[in-house]
Amino acid sequence: SRTYTPQEYLRYSSRTAWEGPDGVSRLPFGRGDLIRQEIFMDRAPEGGVPSLSLVKAIGSIEGEKGMRFRWDSAGDFTVNAGRKNEPGVHYAAWSEIYNPTPESLRASSSDYLNIMSQEDLSLLLYENLLPETKELTRQITVDASTIFDKAIAIQNWFPRNDFTYSLVIPDLPRDHPVDAFISRTRTGHCELYASAMALMLRSIGLPTRVVKGYRGGRWN
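All values reported here derive from a predicted model rather than from experimental measurement. (Residues numbered from 1 in each chain as written. Predicted model: local features only at pLDDT ≥ 70, side-chain atom pairs only at ≥ 80, totals over all residues. Heavy atoms only, no water.)

Visitor: Lay out the pattern of salt bridges in plain terms, naming residues and giving numbers.
Guide: Within the structure shown, the criterion is met by six salt bridges. Linking E38 and R36 is a salt bridge whose minimum nitrogen-to-oxygen distance equals 3.3 Å. On the accessibility criterion, R36 (44% relative accessible area) is partly exposed. The residue E191 makes a salt bridge to K212 at a minimum N-O spacing of 3.5 Å. Residue E191 is located in helix α7 (residues 190-203), and its partner K212 is located in the segment after α7; the two are separated by 21 residues in the primary sequence. By relative accessible area, K212 is classed as exposed at 64%. (Salt bridge = Lys/Arg side-chain N within 4 Å of Asp/Glu carboxyl O. Buried < 20%, exposed > 50% of the residue type's maximum accessible area, 1.4 Å probe, protein only. Helix = DSSP H or I, 4+ residues; strand = E, 2+ residues; numbered from the N terminus.)

Visitor: Requested: an account of unusual backbone geometry, with residues and values cited.
Guide: Here S53 and L54 are connected by a cis peptide whose omega angle stands at 10 degrees. Locating L54 in the fold gives a position in the loop between β3 (33-43) and β4 (55-60). The phi dihedral of H176 falls on the positive side, at around 55 degrees, and the residue is not glycine. Residue placement: H176 occurs in the loop between β8 (164-165) and α6 (177-185). Assessed through its relative accessible area of 28%, H176 is described here as partly exposed. You will see that R186, though not glycine, has its phi angle at about 50 degrees, which is positive. Here R186 lies in the loop between α6 and β9 (187-188).

Visitor: Could you give me a rundown of the pairing of strand β2 (residues 23-26), with the residues and numbers involved?
Guide: Within a regular beta strand, the side chains point alternately toward one face of the sheet and then the other, so they alternate between its two faces. Summarising the sheet, strand β1 (residues 17-20) and β2 pair through four bridges and their orientation is antiparallel. When the bridges of β2 are listed, E19 appears paired with V24. (Pairing = 2+ DSSP bridges.)

Visitor: Pulling in residues and values, what's your account of the side chain of S95?
Guide: Looking at the secondary structure, you find S95 in strand β7 (residues 87-97). Here L52 takes part through its backbone oxygen, which lies 2.7 Å from a polar atom of the side chain of S95. Apart from the residues within four sequence positions on either side, S95 is in contact with D33, L34, I35, L52, S53, L54, V55 and K56. (Polar contact = N/O pair within 3.5 Å; in protein donor to acceptor, adjacent residues only side chain to side chain. Contact = heavy atoms within 4.5 Å.)

Visitor: Got a sec to walk through the environment of L129? Specific residues and values, please.
Guide: Inspection of the secondary structure puts L129 in the loop between α3 (118-125) and α4 (131-141). Relative accessible area serves as the criterion here: at 6%, L129 is assigned to the buried category.

Visitor: Any details on the packing of aromatic side chains? Residues and values, ideally.
Guide: One pass over the structure, following the stated rule, counts eight aromatic pairs. Considering the side-chain rings of W157 and F158, the 5.3 Å spacing of their centres and the 75 degrees angle between planes classify their relative orientation as edge-to-face. The exposure class assigned to W157 is buried, which follows from its relative accessible area of 10%. Judged by relative accessible area, which is 6%, F158 ranks as buried. (Phe/Tyr/Trp six-rings, centres within 6.5 Å; stacked < 30°, edge-to-face > 60°.)

Visitor: Before we move on, could you go through the environment of P28 and cite the residues and values that matter?
Guide: Here P28 shows up in the loop between β2 and β3. Given a relative accessible area of 41%, P28 falls into the partly exposed group. Along the primary structure P28 and S95 are separated by 67 residues, whereas in three dimensions their C-alpha atoms are 9.2 Å apart.

Visitor: So what's going on with the nonpolar core? Residues and values would help.
Guide: Within the largest apolar cluster, 21 residues are counted, with the highest numbers of intra-cluster contacts made by I154, W157, F158, F181, I182 and M200. When contributions to this core are tallied by element, the ones reaching two or more residues are α5 (147-157), α6 and α7. Core analysis: the second largest hydrophobic core is formed by 15 residues, A44, V55, F77 and A81 among them. (Core = buried A, V, L, I, M, F, W, Y, C linked by side-chain atoms within 4.5 Å.)

So, in structure tokens, the structure goes:
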């Protein structure tokens, strides 16, 4: 299958997506494996319903009544639920899972305004790290020639510099807590590591966001 730019992807989806009483669907994009999730929730969320990206279809499980799904108007493959504050949400989601190779990631463009607005770019570049943390980040990535390699250099820096994982939140100052995590405490939970890497990447001009949630699992 051919490779699409993000703009082509959105135009492609907008021409080939449908909504109906049983859910939403679109033609497959053709860039990955199709994964089915069956999702149970106590209540329908206020915003988009949880699912893997990129959504191909979402629909109610047979017998489930009252759920109405709609594509979000932003065109980013978010699906909204039309029923709120009622118990027992149960639906199925089909998503195309695309895992790019390191080679394709190294070839990624840094022309960010071609795929996002200036407002979004400014938001994803915002950081308030101390000058010494920014200089450290520059030194870590100085020999990396691509966006991908810069990200990998920062990712690999943590385990090589005596960082330890702990569910106990360290005693961090209210001002510049991430800087303190990077330079002094070097212990903490996953969100500290994710936040530190995100801000370090932003400080060298790479728009970054933190995404959190559950990765798979079994029904319990």
